[in-house]
Amino acid sequence: MATDVQPPTFKEALKQDRAQFDDCTPCRVVGSATFVGLGAFTYVSGHSQLKAQEAVIRQSKSVFGMGSRRAAITTTSAVFVGLGVYRWFA
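Residues numbered from 1 in each chain as written. Predicted model: local features only at pLDDT ≥ 70, side-chain atom pairs only at ≥ 80, totals over all residues. Heavy atoms only, no water.

Visitor: Hey, could you run me through the overall build of the protein chain in this one?
Guide: Regarding its fold elements, the protein chain presents 4 helices and 0 strands. Written out in order from the N terminus, the α and β elements of the protein chain read α-α-α-α. Since a compact globule built from 90 residues should have a radius of gyration of about 12 Å, the 23 Å found for the protein chain marks it as more spread out than a globular shape. Projected onto its principal axes, the C-alpha positions of the protein chain cover 80 × 30 × 15 Å. (Helix = DSSP H or I, 4+ residues; strand = E, 2+ residues; numbered from the N terminus. Rg over C-alpha atoms; globule rule 2.2 N^0.38 Å.)

Visitor: Sorry, what's going on with the packing of helix H2 (residues 25–52) against helix H4 (residues 66–89) here?
Guide: Each pair of packed helices can be summarised by the angle the axes make with each other and by the distance between the axes. At their nearest, the axes of H2 and H4 sit 7 Å apart, and the two run at 170° to each other. Viewed along their axes, H2 and H4 adopt a mutual orientation that is roughly antiparallel. The residue inventory of the contact of H2 with H4, partitioned by class, reads 14 nonpolar, 10 polar and 4 charged. (Axes fitted to C-alpha atoms, helices over the stretch in contact; angles between N-to-C directions. Parallel < 35°, antiparallel > 145°, perpendicular 65-115°, else oblique. Nonpolar A, V, L, I, M, F, W, Y, C, P; charged D, E, K, R; others polar.)

Visitor: What is the right way to look at the side chain of Ser 32 in this model?
Guide: Within the fold, Ser 32 resides in helix H2. According to the relative accessible area criterion, Ser 32 is buried, its value standing at 7%. Every residue in contact with Ser 32, bar those within four places of it in the chain, is listed here: Gly 84, Arg 87 and Trp 88. (Buried < 20%, exposed > 50% of the residue type's maximum accessible area, 1.4 Å probe, protein only. Contact = heavy atoms within 4.5 Å.)

Visitor: What exactly am I supposed to notice about the pattern of salt bridges here?
Guide: A side chain of one charge can pair with a side chain of the opposite charge when the charged atoms of the two come close. For the structure on display, the rule yields 2 salt bridges. Linking Arg 58 and Glu 54 is a salt bridge whose minimum nitrogen-to-oxygen distance equals 2.8 Å. Separated by 4 residues within a single helix, Arg 58 and Glu 54 lie in helix H3 (residues 54–59), roughly one turn from each other. On the accessibility criterion, Arg 58 (52% relative accessible area) is exposed. Salt-bridge contacts for Arg 70 lead to Glu 54; the nearest nitrogen and oxygen are separated by 4.0 Å. Note that Arg 70 is positioned in helix H4 and Glu 54 in helix H3, a separation of 16 residues in sequence. (Salt bridge = Lys/Arg side-chain N within 4 Å of Asp/Glu carboxyl O.)

Visitor: Can you help me understand the environment of Lys 51 in this one?
Guide: Inspection of the secondary structure assignment puts Lys 51 in helix H2. For Lys 51, a relative accessible area of 68% puts it in the exposed group. With 15 residues separating them along the chain, Lys 51 and Met 66 place their C-alpha atoms 9.3 Å apart.

Visitor: Before we go on, may I ask you to explain the environment of Leu 50 in this structure?
Guide: Tracing the sequence through the fold places Leu 50 in helix H2. On the accessibility criterion, Leu 50 (8% relative accessible area) is buried.

By themselves, these are just geometric observations and shouldn't be taken as functional.
Here is the structure:
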């Protein structure tokens with residue numbers, strides 16, 4: 001005996017999945033605030049540490065100068081803030 005049960009369409013499956021695993025608003029707020037706060041902390045802390053260690057870094061003759069280090073800290077913090085925004089809306 002064969003049953004004529006059709007598998008759900010892609011849209012139906014996504015709707016069922018979202019209904020089962022959807023986040024609560026407080027979870028989104030906490031997650032978003034955590035990532036945005038981490039991004040802000042990374043930016044402020046990283047740039048202040050670079051400023052404090054600038055003379056030592058310049059004397060070390062490292063391949064990575066101040067510009068690339070600033071760019072890396074700024075990029076890292078921007079990624080964290082982006083993740084916070086993503087967490088809020090997705």
